[in-house]
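Here is what each chain is made of, one letter per residue.
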Amino acid sequence: MKYAALCSIAFAVQLLGFQLVLAAGGSGGGDGECSFQTAIKGGSSGDAKIEQMNQFVIDDGGTQETTNFGQKINNSDSLKAGLRGPTLMEDFMMREKIMHFDHERIPERVVHARGVGAHGYFETYKDWSDLTAAKFLRDTSKKTPVFVRFSTVLGSRGSADTVRDVRGFATRFYTEEGNFDLVGNAIAPFFVQDAMKFPDIIHSGKPEPDKEVPQAGTAHQTAYDFFAEFPETLHTVMWALSGRGIYRSLRQVEGFGVHTFRLINEDGKAVFVKFHWKPLQGLCNLVWDEAQKIAGKDADFHRNDLYTAIEKGDYPEWELGVQIVEEEDEFKFDFDLLDPTKIIPESLVPVTKLGKMVLNRNVDNFFAETEQITFHLGHIVRGIGFTNDPLLQGRLFSYLDTQINRMNGANFMQIPINRPIVPVHNNQRDGYMQHNVFKGVVSYFPNGLQNNTPSMVDPQDGGYVEYPEEVKGPKRRGQPPSFFDFYSQPRLYWNSLTEAEKQQTVDGFRFEVGKSKSVDVRKRFIDQLNMVDNNLARRVAFGVGVPLPDKVVENDGRSTTGISISKYPKPDHIRTRTVAILTAPGTNTEEAKAMYEYLKSEGAYPEYVGVGLGDQDGLEVTNTYTTTSSVLFEAVYIPGGPEAIKTMMENTSLFPYEEPKVFVLDAFRHGKPIAASSDGFDILKWADVKTSATSAADCNSDLGVVVGPAGSCLNEEFKKALIEQRFWDRLPLDGDI
């Protein structure tokens, strides 16, 4: 009987007019169980969350139209008094349809409004009982269902994917002990130390309230006015203005828990941890010119990239890791573990890999799943605990509050995507859209009429493990002295970048700070950068029209591993790499097909780009120079064929803006691999692509530009370039300023 409530919940929803495939004692298993009960016990597909969600899936294919109350209807037109007469108020079909349409939208999230989600599973590598009592980190035989939502922070739901942003990386684990929400970001530190300042940082970065511009970015003066006045923001600003703020793909982002948490084992022993997600696809970022162009060519670029990889079976994977600090080592560092604007450098505390997450299923319905999922840091399971991080403590309040606002009531955990996969029993009742039908007269504790049930559960019997932290000190406002070092970690971050990555960061600052109309704002922010590094400050100042500052602090030269994207481990394959094969009538189809088949056999995603869709000399052209762009691909290949090359270089209505030339030139200046065979080399010369090769007679590879005869050498060198993914050394660096 302990699972009966789950079936009755589904039946209650059915009474509201939704068709559910559920029958107690029917389709799932024996002993009067529904299919969801069977899944929880390990039967059926073995994924309890999929089984649970399937109870609520509706397939309208092959059905007949009804109202929401079940009456079959023909509502193709409204009811009128005469075909040219007035519409009648009695038309219940129109009233219901229009009423529902008028209320389809719910308030978007105040932050993280733009998002995309996917389902998957997590498996632990070993039994981590020495660290935690959490069962999903102790049983290697179980796959824990997960749902992940990636998001931008500042933009509205309709904003572009490739804006410069911190980005959210929120993961829900549907564990056998309840839901655990790891609500993190794709950048390790956060802007502010105290939740009291969270509204201020968001208000400063959001569109300016007088004109509601600009959208989805901090490149305006209110943001940099706040940053200049509040230097604890500098560390996160440094991350966001580097390549970390404009990732190439959501499959190639790191995730961070931001805060310091505790892991607590069954014996009550605790350790401090920082959570990390490490992508097995490697890391890769865009450059700002590329990001802006993608936003115009495909505003849904990140969504489409994730959906496509999962649909093709190339499931993205991340390793969940933690940095572990023993309690007795809490104060051994020159920063405070409770300060969310700081990281624990990986050179000091390496990341211990706990297990692996795989995303293997796209959502069936964006609104029902991605939009209605309600993450909350307070969704926690035994064996995981909080610390006194002041931002964390504020978020524990804020998330529940904002979800009630968005979902119009307190019963949002009954929505299918939010339900835990374990039975829920408590004395919480009623409210808007209550789906459960509770039996009996008891809704309080303690009680005698129901033998004090639902009963309380002690830690030793599976209840939540509270950590007995000793707290002392007078009640007061403020921050501890250990929070007041605002410049060491931004400097550590700067020192840990390669020279090419530093240039990208400088370029990012020149754009963003340069968008501040106020000279005073620009100057005050440069003064703050000068406290990090004089070279950085002078290079940015040079580009934004303020005096070059004199040195006021020495750079200590300290750096750490785990920061540079370029130094992150790369996969040994080219699966999911998107490659444009540029063609025109007369293309050497033998060369084009050979490269296409080679790339496809290696798991890449090649596409023929041509002057028109459909068959072209036996090549199936799926994109034209009008419908796509270089920025939407990761690499370019130009096969030979004198007639095709001549056509591509002509000034005709087919190419009014020299599209083939721009295609190749953009790929080059964005650091992408480029390959050309035989006459295709002429396109490289035409586009002024710099290479040491003088012809395609011999196989040659130079900073990702690969030329040579079609064949194994060209293929292998191109594959090596695709594994490297970007060649930032092509781009010029600042001289002395």
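In every chain, residue numbers begin from 1 and rise along the written sequence. Only residues with pLDDT of at least 70 are given local features in this predicted model, and only at 80 or more are side-chain atom pairs given and counted; all residues enter the totals for whole chains, interfaces and linings. Hydrogens are left out, water is left out, and the side-chain values use all remaining heavy atoms of the structure.

J.: Now, about unusual backbone geometry: what can you tell me, with residues and values included?
T.: Look at the link from Val213 to Pro214: it is a cis peptide, with omega at -5°. Inspection of the secondary structure puts Pro214 in the loop between helix H5 (198-205) and helix H6 (221-229). Following Thr453, the chain continues to Pro454 via a peptide bond in cis, the omega torsion being -5°. Numbered from the N terminus, helices here are DSSP runs of H or I no shorter than four residues, and strands are runs of E no shorter than two. Mapping Pro454 onto the fold places it in the loop between helix H11 (390-407) and helix H12 (488-495). You will see that Val258, though not glycine, has its phi angle at about 70°, which is positive. Among the secondary structure elements, Val258 is positioned in the loop between strand E5 (255-256) and strand E6 (261-264).

J.: How would you explain the packing of helix H13 (residues 499-514) against helix H14 (residues 519-530) if you had to name every residue and give the values?
T.: Where H13 meets H14, the axes come as close as 10 Å, and the angle between the chain directions of the two elements is 150°. Our classification of the angle between H13 and H14 gives roughly antiparallel. Like other packed secondary-structure pairs, H13 and H14 cross with a definite hand, here right-handed. Contacts between H13 and H14 involve Phe509, Val513 and Gly514 from the former and Arg522, Phe525 and Leu529 from the latter. Where helices are involved, their axes are fitted lines through C-alpha atoms of the stretch in contact, as for all axes, and angles between N-to-C directions lie from 0 to 180°. Under this scheme an angle from 65 to 115 degrees is roughly perpendicular, one under 35 degrees roughly parallel, and one over 145 degrees roughly antiparallel; angles in between are oblique. Here a crossing is taken to be left-handed if its near helix is turned anticlockwise relative to the far helix by less than a right angle, and right-handed if that turn runs clockwise. Pairs of residues are marked as contacts when any of their non-hydrogen atoms sit within 4.5 Å.

J.: Can you break down the pattern of salt bridges residue by residue, with the values?
T.: The working definition used for a salt bridge is a side-chain nitrogen of Lys or Arg within 4 Å of a carboxyl oxygen of Asp or Glu. With the rule as written, the count across this model stands at 47 salt bridges. Between Arg524 and Glu229 there is a salt bridge, and its shortest N-O distance comes to 2.6 Å. You can see Arg524 sitting in helix H14 and its partner Glu229 sitting in helix H6, a full 295 residues away along the chain. The residue Arg406 makes a salt bridge to Glu371 at a minimum N-O spacing of 3.8 Å. Here Glu371 lies in helix H10 (residues 366-371) and Arg406 lies in helix H11, a separation of 35 residues in the sequence. For the exposure calls, accessible area comes from a 1.4 Å probe over protein chains only, and a residue counts as buried if that area is under 20% of its type's maximum, exposed if over 50%, partly exposed in between. Take Arg406: its relative accessible area is 2%, and that puts it in the buried class. Via salt bridges that share partners, Arg109, Arg157, Glu371 and Arg406 belong to a single interconnected network.

J.: Any details on the sheet that holds strand E17 (residues 700-702)? Residues and values, ideally.
T.: Reading across from one edge, E13-E14-E12-E11-E15-E16-E18-E17 is the order of the eight strands in this open sheet, with mixed pairing throughout. Strands with a single pairing partner mark the edges of an open sheet, and in this sheet they are strand E13 (614-616) and E17. The sheet shows a mean angle of 35° between the axes of neighbouring strands, taken without regard to direction. For E17 and strand E18 (residues 705-707), the ladder comprises three bridges, and the chain directions are antiparallel. Its bridge partner lying in E18, Asn700 is registered against Val707. Paired strands, as defined in this entry, are two strands with at least two bridges between them according to DSSP.

J.: Could you give me a rundown of the pairing of strand E3 (residues 168-175), with the residues and numbers involved?
T.: Burial of E3 is extensive: eight of the eight residues sit out of reach of the surface. Burial along E3 is two-sided: the residues Gly168, Ala170, Arg172 and Tyr174 and Phe169, Thr171, Phe173 and Thr175 are all buried. In this sheet, E3 lies alongside strand E2 (residues 144-151) in antiparallel orientation, the contact comprising six bridges. Residue pairing for E3: Ser151 is matched across the bridge by Gly168. In terms of strand pairing, E3 meets strand E4 (residues 178-185) through eight bridges, oriented antiparallel. The residue of E4 that forms the bridge with Tyr174 is Asn179.

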